[in-house]
Amino acid sequence: AQKITQTQPGMFVQEKEAVTLDCTYDTSDQSYGLFWYKQPSSGEMIFLIYQGSYDEQNATEGRYSLNFQKARKSANLVISASQLGDSAMYFCAMNYGGATNKLIFGTGTLLAVQP
Amino acid sequence: NAGVMQNPRHLVRRRGQEARLRCSPMKGHSHVYWYRQLPEEGLKFMVYLQKENIIDESGMPKERFSAEFPKEGPSILRIQQVVRGDSAAYFCASSPRGVGTTNEKLFFGSGTQLSVL
């Protein structure tokens, strides 16, 4: 069965510093995708970054990068140069279900950026 | 280019009433997903629909919950005879393609917060 684990319920980071949010996953599928979403206090889910299981390079999107370690089944999100607007809940997710492309989410990490 | 639109943003119902949640996918998207988020938890898959078809409802409670995505109009998630345990945020997501695409990212709406009194 697929599973996503986020072990950090909350994190603090100083503005302009980098922060790593942890995510480990479990699946028996060979082909899968890993996603990170941001949920600010307003509630919407904002897509940040995607990593495919066959991608050899770590994904990057602006200040976001995904540290993908396939053998360890981890997909940590790295946010560089944190900004106050980065304060939000962050969810790691993995798609499963083959053709139906469903997502399974972790329980999230609440990031607070301090000035 | 409007995103995924959900309404209402907040919905309050008394126990036993019906709740109807609406979702208009992004323009050009024909695949709709509904997810539920309980307090302090991540989102959990409920149902996946394409126009006029339910493709996967494995995450939907067997009773009181139904979903549709008609040829015209928004997708509707309907909860009959609501109970306090139905209180949650309900998110709709859409994608241009669903079948056979493992890297298709989902675009989420802002959610409907259902509160059952």
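Preceding block: the structure.
Residue numbers here run from 1 along each chain, matching the order of that chain's written sequence. Lettering for chains starts from A, numbering for ligands starts from 1, and both go in the order in which the items are written. Totals for whole chains, interfaces and linings use all residues, but because this is a predicted model, local features are given only for residues with pLDDT of at least 70 and pairs of side-chain atoms are given and counted only at 80 or more. Only heavy atoms go into the side-chain values, all of them from the structure, while hydrogens and water stay out.

A. Examining the interface of chain A and chain B more closely. On the side of chain B, 26 residues touch chain A, which itself brings 22 residues to the contact. Buried area is a sum: the accessible area each of two parts loses on coming together, probed at 1.4 Å, counted once for each and added. Between chain A and chain B, the buried area comes to about 1,800 Å², and carbon and sulfur atoms account for 54% of it. Within this document, salt bridges are pairs made up of a side-chain nitrogen of Lys or Arg and a carboxyl oxygen of Asp or Glu, the two lying within 4 Å of each other. Along the contact surface separating chain A from chain B lie 1 salt bridge. In this structure, aspartate 56 of chain B and lysine 102 of chain A form a salt bridge, with 2.8 Å as the shortest nitrogen-oxygen distance. By the criterion applied in these results, polar contacts are pairs of N or O atoms within 3.5 Å in which, for protein atoms, one can donate a hydrogen and the other can accept it, and in which residues neighboring in sequence qualify only through two side-chain atoms. Counting every contact that joins chain A to chain B gives 6 residue pairs in polar contact (both at pLDDT 80 or more). Helix and strand definitions follow DSSP, with helices as H or I runs of at least four residues and strands as E runs of at least two, each counted in order from the N terminus. When contributions to the side of chain A that touches chain B are tallied by element, the ones reaching two or more residues are strand S5 (33–39), strand S6 (46–52), strand S10 (88–96) and strand S11 (102–105) of chain A. It is S5 of chain A that provides the largest number of residues to the side of chain A that touches chain B, a total of 4 residues. Classification used: nonpolar for Ala, Val, Leu, Ile, Met, Phe, Trp, Tyr, Cys and Pro, charged for Asp, Glu, Lys and Arg, polar for all others including Gly. A breakdown of the residues in the side of chain A that touches chain B according to their chemical character gives 10 nonpolar, 10 polar and 2 charged. Throughout, a contact is declared for two residues whenever any of their heavy atoms are within 4.5 Å.

B. Examining the pattern of salt bridges more closely. For the structure shown, the criterion picks out 7 salt bridges over all chains. Residue aspartate 86 of chain A is joined to arginine 63 of chain A by a salt bridge in which the shortest nitrogen-to-oxygen separation is 2.8 Å. Of this pair, aspartate 86 of chain A sits in the loop between strand S9 (74–79) and S10 while arginine 63 of chain A sits in the loop between strand S7 (60–61) and strand S8 (64–69), and the two are 23 residues apart along the sequence. Accessible area is worked out with a 1.4 Å probe on protein chains only. A residue is then buried under 20% of its type maximum, exposed over 50%, and partly exposed in between. A relative accessible area of 22% means that arginine 63 of chain A is categorised as partly exposed. Linking glutamate 41 of chain B and lysine 44 of chain B is a salt bridge whose minimum nitrogen-to-oxygen distance equals 3.4 Å.

C. Structural context of the packing of aromatic side chains. Stacked, tilted and edge-to-face are the three classes applied to pairs of Phe, Tyr and Trp rings, where Trp contributes its six-membered ring and a pair requires centres within 6.5 Å; stacked means planes under 30 degrees apart, edge-to-face means over 60, and tilted covers the rest. As enumerated under the stated definition, the model contains 14 aromatic pairs over all chains in all. Each ring, one from phenylalanine 105 of chain A and one from phenylalanine 108 of chain B, has its centre 6.1 Å from the other, and the planes form 75°; the classification is edge-to-face. Placement of the pair is phenylalanine 105 of chain A in strand S11 and phenylalanine 108 of chain B in strand S10 (residues 107–108), with the two residues belonging to separate chains. Assessed through its relative accessible area of 7%, phenylalanine 105 of chain A is described here as buried. Each ring, one from phenylalanine 91 of chain B and one from phenylalanine 108 of chain B, has its centre 6.5 Å from the other, and the planes form 80°; the classification is edge-to-face. Remark: phenylalanine 108 of chain B occurs in strand S10 and phenylalanine 91 of chain B occurs in strand S9 (residues 88–95); sequence separation between them is 17 residues. On the basis of relative accessible area, phenylalanine 108 of chain B is assigned to the buried category, the value being 9%. Three or more aromatic residues joined by ring pairs form one cluster here, namely Phe35, Tyr37, Phe47, Tyr50, Phe91 and Phe105 of chain A together with Tyr35, Phe45, Phe91 and Phe108 of chain B.

D. Spatial organisation of the layout of surface pockets. By volume, the largest pocket amounts to about 440 Å³. Cavity means a closed set of points on a 1 Å grid over the protein atoms alone, one where a 1.4 Å probe fits but cannot get out, pocket means an open set with protein on both sides within 12 Å along at least 5 of 7 lines, and lining means a residue has an atom within 4 Å of a point. Lining of the largest pocket is provided by 23 residues; of these, Gln39, Pro40, Ser41 and Gly43 of chain A together with Gln37 of chain B occupy positions nearest its centre. For the lining of the largest pocket, the elements supplying multiple residues, two or more each, are S10 of chain A together with S9 and strand S11 (112–116) of chain B. Here the second largest pocket is characterised by a volume of approximately 180 Å³. Around the second largest pocket, the lining residues are Glu44, Met45, Ile46 and Phe47 of chain A together with Gly3, Val4, Met26, Leu106, Phe107, Phe108, Gly109 and Ser110 of chain B. Of all the secondary-structure elements, those providing two or more residues to the lining of the second largest pocket are S6 of chain A together with S10 of chain B. When its residues are assigned to classes, the lining of the second largest pocket shows 8 nonpolar, 3 polar and 1 charged. Grid points are joined across faces, edges and corners, and a volume is the space filled by probe spheres set on the points.

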